[in-house]
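What the coordinates show
What follows is each chain in one-letter form.
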Amino acid sequence: MNYRIGSDKHYHYVNVGNWSMGTLHLDIDMVQFNSKLSTDNAIPLSQCSEPCKKGEVKNLQEGEPCCWICFPCRENEFLLNEFLCEKCKLGEWPNKEKTGCDVIPIDYMHWNEVWSIIPVIFSLGGVIATSIVICIFIKYNDTPVVRASARELSYFLLAGVIWCYFMTFVILAKPSLPSCTLRRVGIGISFAMCYSALLTKTNRIARIFNSTQSPQRPKYISPFSQLIICMMMVAIQLVGSLLWLIIERPGVRLDYSNNNSTVVLKCSESELSLMVSLVYAILLVFCCTVYAFKTRKIPENFNEAKFIAFTMYTTCIVWLAFVPLYFGTANDFRVQSTTLCVAISLSATVTLGCMFLPKVYIIVCQPEKNVRSLNRNHARQENNTTRMTFSETSYGKIPQEELGKQGGEACSSE
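In this text, all values refer to a predicted model and were calculated from it rather than measured experimentally.

1. Some details on the nonpolar core
With 64 residues, the main nonpolar core has Ile187, Phe191 and Tyr195 as its most contacted residues. Counting residues per element, this core draws most heavily on helix 3 (residues 151-172), which supplies 12 residues. Not counting residues up to four positions away in its chain, the partners in contact with Tyr195 are Ala281, Leu284, Val285, Met312, Thr315, Trp319 and Ser347.

Here it is as structure tokens:
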């Protein structure tokens, strides 16, 4: 019997089946269920709790074996059974069905990613530009512009610049023992080569300018001496890097996220130790900036000092912006690696542009200025010859001893 409401809006019992020979014969289509318990007259469920969803476990209620509360497993746990969740091992992560754990693929920088393509293009452009400058300097090696720029130090500086660009490929390469070792040594050495050369240049200019009050010529300003001084400063960075390799052996490590959802392959050194290794390079930058500031008002003939000053001021701005950005992106190794590559390449570009672009422009686009000093010397010789001829024709021939004396006085006055 089914107690339900009839067409007269009153409840009646309606026969919807019978019990015969121990079997229930029920016409389910004639049964009308309570609308509060069923939707679209569907058969209501006769149970205390509904089955748990995927990734949920049952928490049985005390004294009610058919009643439970469903709780989801944590994101790094899988269903051991319908009542227990278990945490995945380190380096593993639950599958989609939450029935087990899969090994997490190891992540690192790949060459086909945008985060790698951008610094690689930047570095390749820098390598090409530096190579062009080197070829121009070699071709016009004996011209006044190249000779006046301290050729030996300029080539040494260009080697440091191109090394800075090559460091991008080392940083973006898959971490391994060779790449991590070269990364530790290469970054510091490349900066030491650039800024030791610039420091040697500014120191030489400052000593020459300060020695105008003294009749004694400054010591160690010859090209060979300057190159030796520069190499000695780079050797300090090299020794420091080698000691760092001995104290903290290079290698690779797996870096796990806080929830163990990702595994990143990295070099074993920390971000802080990398910055500590650059302390010497920072010291060179500071000293070079101080010298550049001191020589900012020297005569215009020493215009390279102004280029060095602008180079150092711009470099300081780049690195003041880089340091907080580098440590602020420690949670994303892709952004951090790209930031480091761009900062190194940008420092090299500033040095290349400020120090060599004006010289290359004069050599290539204004070749007449590249022989200006030679023409001036030739004109001076002609002027001296004219004055000597005029003296001989006007006042008679001057004795040789007096001529030498006057020539010496004229040279000293010049």
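2. Considerations on the side chain of Thr311
Its location among the elements puts Thr311 in helix 8 (residues 304-328). With a relative accessible area of 0%, Thr311 lands in the buried category. In contact with Thr311, other than residues within four places in its own chain, are Leu198, Val350, Thr351, Cys354 and Met355.

3. Overview of the pairing of strand 12 (residues 252-256)
One ladder, built from 5 bridges, connects strand 12 with strand 13 (residues 263-267); its direction is antiparallel. The partner of Tyr256 across the bridge, within strand 13, is Val263. Here strand 12 folds back onto strand 13 in antiparallel fashion, the turn holding 6 residues, of which Asn260 has a positive phi close to 65 degrees.

4. Some thoughts on helix 3
End to end, helix 3 covers 33 Å across 22 residues, agreeing with the expected 32 Å (1.5 Å per residue, within 8%). Roughly 25 degrees is the biggest bend found in helix 3, and it falls at Tyr165.

What counts and how
Residues numbered from 1 in each chain as written. Predicted model: local features only at pLDDT ≥ 70, side-chain atom pairs only at ≥ 80, totals over all residues. Heavy atoms only, no water. Core = buried A, V, L, I, M, F, W, Y, C linked by side-chain atoms within 4.5 Å. Buried < 20%, exposed > 50% of the residue type's maximum accessible area, 1.4 Å probe, protein only. Helix = DSSP H or I, 4+ residues; strand = E, 2+ residues; numbered from the N terminus. Contact = heavy atoms within 4.5 Å. Pairing = 2+ DSSP bridges. Expected span 1.5 Å × (residues − 1). Bend = angle between axes of the 7 residues up to and from the residue.

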